[in-house]
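Read off the chains here:
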Amino acid sequence: MAEEIIVPDGVSKTDKYEVLILQLRSLVESEADTIANMANISAVLKEIFGFFWVGFYIVKDEQLVLGPFQGPVACTRIRYGKGVCGTAWKEQRAIIVPDVDECPGHIACSSLSRSEIVVPVFHHGKVVAVLDVDSEFLNYFNETDEKYLSEIAELIKF
């Protein structure tokens, strides 16, 4: 039986992430399947933060292929260096986009997405996936999200 993830209402974003990471660490340590862990992490992030879209793209055959996610239908494949996800993969770094309409090359899977953060998932120093999170609000993501989503990405084991 899966543990229930509990984060109290009325706490700061930092405090939510702090509590969440402890609980996610416990959840994924007891499960060896990468896809199952990605699915649960996506569900928990969507539930706790109410993100518009949250999920993973996995590197396969030199492209990013849609993995476990929560939210509306998404783009299935993204080429290396294309869009925010492909650029985060190519540059091997997190990218925060305050306004996707102002981002050259942004791939719009939904016109309702307004801001985005993408964090790479590494295995032996190589990007093997990206964690992609979208919000329907402008300027939603900041360094706090980058810090904690990067920590969450480290929980994914390939």
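Cut-offs and rules
Residues numbered from 1 in each chain as written. Predicted model: local features only at pLDDT ≥ 70, side-chain atom pairs only at ≥ 80, totals over all residues. Heavy atoms only, no water. Pairing = 2+ DSSP bridges. Helix = DSSP H or I, 4+ residues; strand = E, 2+ residues; numbered from the N terminus. Axes fitted to C-alpha atoms, helices over the stretch in contact; angles between N-to-C directions. Contact = heavy atoms within 4.5 Å. Salt bridge = Lys/Arg side-chain N within 4 Å of Asp/Glu carboxyl O. Core = buried A, V, L, I, M, F, W, Y, C linked by side-chain atoms within 4.5 Å. Buried < 20%, exposed > 50% of the residue type's maximum accessible area, 1.4 Å probe, protein only.

K.L.:
Would you mind going over the sheet that holds strand E3 (residues 77–79) with me for this structure?
P.N.:
Paired through backbone hydrogen bonds, the strands of a sheet run either parallel or antiparallel to each other. One open sheet holds the 6 strands; their spatial order is E3-E2-E1-E6-E5-E4, and the pairing between them is antiparallel. With partners counted over all chains shown, the strands left at the sheet margins are E3 and strand E4 (95–97), one partner each. When strand polarity is set aside, the average angle formed by the axes of neighbouring strands in this sheet is 25°. Inspection of the sheet shows strand E2 (residues 63–70) paired to E3 by 3 bridges, in the antiparallel sense. If you follow Gln63 over to E3, its bridge partner there is Arg79. This element, helix H2 (residues 34–49), spans strand E1 (53–60), E2 and strand E6 (126–135) of the sheet and lies at about 155° to E1.

K.L.:
Teacher, can you tell me more about the pattern of salt bridges here?
P.N.:
Here the structure, examined in full by the defined rule, presents 3 salt bridges. Between Asp145 and Lys13 there is a salt bridge whose closest N-O contact spans 2.7 Å. With a gap of 132 residues between them, Asp145 in helix H4 (residues 143–153) and Lys13 in helix H1 (residues 13–29) connect regions that are remote in the sequence. Residues Glu151 and Lys147 are paired through a salt bridge, measuring 2.9 Å at the closest nitrogen-oxygen approach. One end of the pair, Glu151, and the other, Lys147, are both in helix H4, 4 residues apart, so they sit about a helical turn from each other.

K.L.:
Hey, could you run me through the nonpolar core in this one?
P.N.:
In a soluble, globular protein the nonpolar side chains are often hidden away together inside. Leu24, Ile41, Leu45, Phe51, Val133, Leu149 and Ile152 are the most contacted members of the largest nonpolar core, which totals 31 residues. Listed by contribution, the elements that provide at least two residues to this core are H1, H2, E1, strand E5 (115–123), E6 and H4. Not counting the four nearest positions on each side in its chain, Leu45 is found in contact with Leu20, Gly50, Phe51, Val54, Leu131, Leu149 and Ile152.

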